[in-house]
Amino acid sequence: MKRALVFCILLVAVAFSFKNLYEPYIWWQLRSGNWILENTAVPHTDALSFTYENNSWTNIKWGYEVLLAIYEKWAGAAAIPLLQALVSIGIILLLFTLSGKLLQHYHRQQFSFMVYPLLLLGLCMLEFRMTARPEMFSHLFTLAYMLLITMHTIKPTRLVYLIPLFQAVWANVHEGYGIGWVVLLIWIAALWIHSRIQKGEKPMRETAVVALAMLAVCLNPYGVELLWRPLGLLTQLQETKYTTEFLDYSYFQYWQKEAYAALLCSALVIVFLVIAVLKNKEKNRVPLLQRITRDPILIFYSVLVIAFTYLALNALRNVVFLQLITLPLLVAYLPLHIHERYHRLQQYSMIGTLCLSACLYIAVITNRYYEFTGSTQRYGLEISSLNNPEGAAIYLQANQLEKEVFSDYMISSYFLWRLQPHYKSYIDLREHEVFPPEFFTEFAASVFYPEVFSSIDSQHTFTAYTLYTPQFTPLHRYFYMHPQFRLVYVDAVAAVYVKDTTTTQATYSFAKPVAASGFAQLLSRVFNPFYHNLNYEPTNEWINAAAYFISVGDAGKALDYIQTEMQSGRYNDMCYVYRAKVHELVASSDTALRVAHSDSAMVCYQQAIALNRENASALQGLAMQYMNRTRMKDAIKLFEQCVRLEPNNKDAYVQLAESYKYVANLNGKKDDLLKAITAYEKAYQLDKKNLYISASLGLLHYSNGNCERAVELLMPVKDYERIGVNERNMIKQCLINCGERI
């Protein structure tokens, strides 16, 4: 039974690892690995971009990139998740072993039936970071350190001498090697505290091991630079907020189920650790400090949980480390709090966990799990052209346009791999490793303000302009409408524009399968004999096409694609939503037809809601129609439904806040003003860099008499030129009234 359970859990770990490959970071790492193999040298300056070429670049992940490149040449890019699967197996085995060591230490037993359901639950929480990125080695090494430390602290072992070797390897595969330092320093501090208070032997040998491990990071192509690199990474973490994984607890997007689960586990472990100390039978005779420091393992894990909770709160991607250290501790401490009679249910619990593991495995390989959780992930070793700009890459290559391309950081990494060796990026996801914060700020401005982009364009000789289709709408519209530019390719992932006054605008292209290696296809079918490749039926993309043409202001083409979709009889509620948006587009550009098309848009939104009452886009669109007609009570009701369905919808929160503000200005009720502030605070949490939201929220706080919060929000925007002159003057007057010097 136990072996069957372990086997099933390992199968689930493999299934979670076998995903369609569209992790954008992987592609530039593959390109970097190929560059190293081609040049037989590790780069010290940037060789992958044309904007910061030859600028200093400390590429800590070079070891993993070389491994990745060698493996890709043998097995194909689609099979890369196999590396994650192997590491995932190692992580599960380390968790089992560590749990057993802790159980033996605290209960004189090596097994608890609690280990199986807890590890299964842990896998579900760890799945979102099973992406074959080099951070998986940081996960693996963290557990390896914990196991070696626990084993050595219980009974000295020579295996502890592996730690400096592990640290040297870690410093050449991922920048998270600093986490190893944190673990080791907490351990050695725990040993010295134990030795000092309990009058035991001084941990001189262990201190030497930790010192060697600290120095071992110098065994890399960049030498002693890596000794202070972790401090720089902490600063970089504060500056890098362009992707969700770097957001801290103060951001609304941080609070995903994985973060809640990790922090709950942390809280439980802390409670259990406190109880373990207070439950000592000798508490009446032994001072509290003596009891706390009696067990160095207890000291080590107590401080470790607190430290990793702090790390987890500072970046969403760090919650995985907190999960990894708390899972074995829960296995060790839960038996202390389970009544003896429940241990008789052990057999039934194991059978139940076995059945649950089998069901979870089937749900993952059939994608039912991902559909249930709302994830965009899919089982199978293939490269999805629904998520990677394969079509745009083919177009650029076929037309020899890959030399100097303006692109965003979402798609350029794929081009680095797919269009090598000729393609170099304008900007990519190496972020502050290469590109300074001000360059990211300039890029962010360029995709919203055409005059900023025009200034950049005048400094380069771009052969083409590529943008991620679902984002950067202002620049898409600028390219599409400007007489000097032409759309030459567009699909669900990327659009390509060139400077050309003769070519007609391109039509929408539909995704096509990317050929996977025979090895990748074999692996997918080994774990699911009924596996089929992704569905690339064009019917699924008519709506995406309509959405693009609406975003660039072409109502005619958008309507053509909507009509085609409606003829298919699928997604009719979304068809009505986009028909409404077409009417709104026409109403905004034709004054004579504004009223008629606004009324038609309202009818379409109502038809969409009749078909699907949980269509957030329809609810938001209809609410905006009500808002434009000053039917604020109706608008507020729909906006509130919308944000319940889409809690990350920043625009809906802004519109809800504006509706409440309008009502508050009419009736003078403070309750409505407070509701407006609450809605704007939600929007601010979703986008703290949006200065318009900061300005509006600051002015509302001033109206409510909260000068402290108003000053905090208004000071950064008082000189922002893109805010109107009247509003800037109002902001400055508010600051003066709050006692600030302007």
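Structure's up top.
Overview of the structure.

Now for the pattern of salt bridges. A complete count under the given rule lists 26 salt bridges for this structure. Taking the shortest distance from any N to any O, the salt bridge between Glu-175 and Lys-61 comes out at 2.9 Å. In this pair, Glu-175 is assigned in the loop between α7 (162–170) and α8 (177–198) and Lys-61 in the loop between α2 (24–39) and α3 (62–75), connecting sequence segments 114 residues apart. When salt bridges with common partners are traced through the structure, they connect Glu-23, Arg-129, Arg-133, Glu-135, Glu-245 and Arg-317 into a single cluster.

There is a patch of nonpolar side chains on the surface, built from Leu-215, Val-224, Leu-227, Trp-228 and Leu-231 and spanning about 520 Å² of accessible area. With three residues, the top contributor of residues to the nonpolar patch is helix α10 (residues 225–239).

Below, the discussion takes up the packing of helix α4 (residues 81–107) against helix α13 (residues 296–314). Close contact between α4 and α13 brings their axes to 12 Å; oriented N to C, the two are set at 135°. The angle between α4 and α13 falls in the class oblique. Our pair here, α4 against α13, has a crossing hand that is left-handed. For the pair α4 and α13, contact is made by Leu-98, Leu-102, His-105 and Tyr-106 and by Ile-297, Leu-298 and Tyr-301, respectively. The residue inventory of the contact of α4 with α13, partitioned by class, reads six nonpolar, one polar and no charged.

This part is about unusual backbone geometry. Cis geometry is adopted by the peptide bond preceding Pro-421, which originates at Gln-420 and carries an omega value of 5°. By secondary structure assignment, the location of Pro-421 is in the loop between α18 (412–418) and α19 (437–446). Phi angles above zero are rare outside glycine, and Gln-400 is one such case at about 50°. Gln-400 sits in the exposed class, given a relative accessible area of 69%. Backbone geometry at Phe-472 places phi at a positive 60°, although glycine is not the residue there. Residue Phe-472 is classed as buried on the basis of its relative accessible area, which comes to 10%.

Looking now at empty space enclosed by the protein. Scanning the entire structure with this criterion turns up one cavity of 30 Å³ or more. Lining the largest cavity are Gln-84, Ser-88, Ile-91, Ile-92, Leu-123, Leu-126, Arg-129, Met-130, Met-136, His-139, Val-320 and Leu-324. Mapped onto the lining of the largest cavity, the elements with two or more residues apiece are α4, α5 (115–126), α6 (135–154) and α14 (319–333). The element best represented in the lining of the largest cavity is α4, accounting for four residues. Residue composition of the lining of the largest cavity, by class: eight nonpolar, three polar and one charged.

Criteria and thresholds
Residues numbered from 1 in each chain as written. Predicted model: local features only at pLDDT ≥ 70, side-chain atom pairs only at ≥ 80, totals over all residues. Heavy atoms only, no water. Salt bridge = Lys/Arg side-chain N within 4 Å of Asp/Glu carboxyl O. Helix = DSSP H or I, 4+ residues; strand = E, 2+ residues; numbered from the N terminus. Patch = residues over 30% accessible without salt bridge, like charges linked within 9 Å, V, L, I, M, F, W, Y side chains within 5 Å. Areas by Shrake-Rupley, 256 points an atom, 1.4 Å probe, with all protein chains shown as cover. Axes fitted to C-alpha atoms, helices over the stretch in contact; angles between N-to-C directions. Parallel < 35°, antiparallel > 145°, perpendicular 65-115°, else oblique. Left-handed = near helix turned anticlockwise from the far one by under 90°. Contact = heavy atoms within 4.5 Å. Nonpolar A, V, L, I, M, F, W, Y, C, P; charged D, E, K, R; others polar. Buried < 20%, exposed > 50% of the residue type's maximum accessible area, 1.4 Å probe, protein only. 1 Å grid on protein atoms, 1.4 Å probe; cavity = no way out; pocket = protein on both sides within 12 Å on 5 of 7 lines; lining within 4 Å. Points joined across faces, edges and corners; volume = space filled by probe spheres on them.

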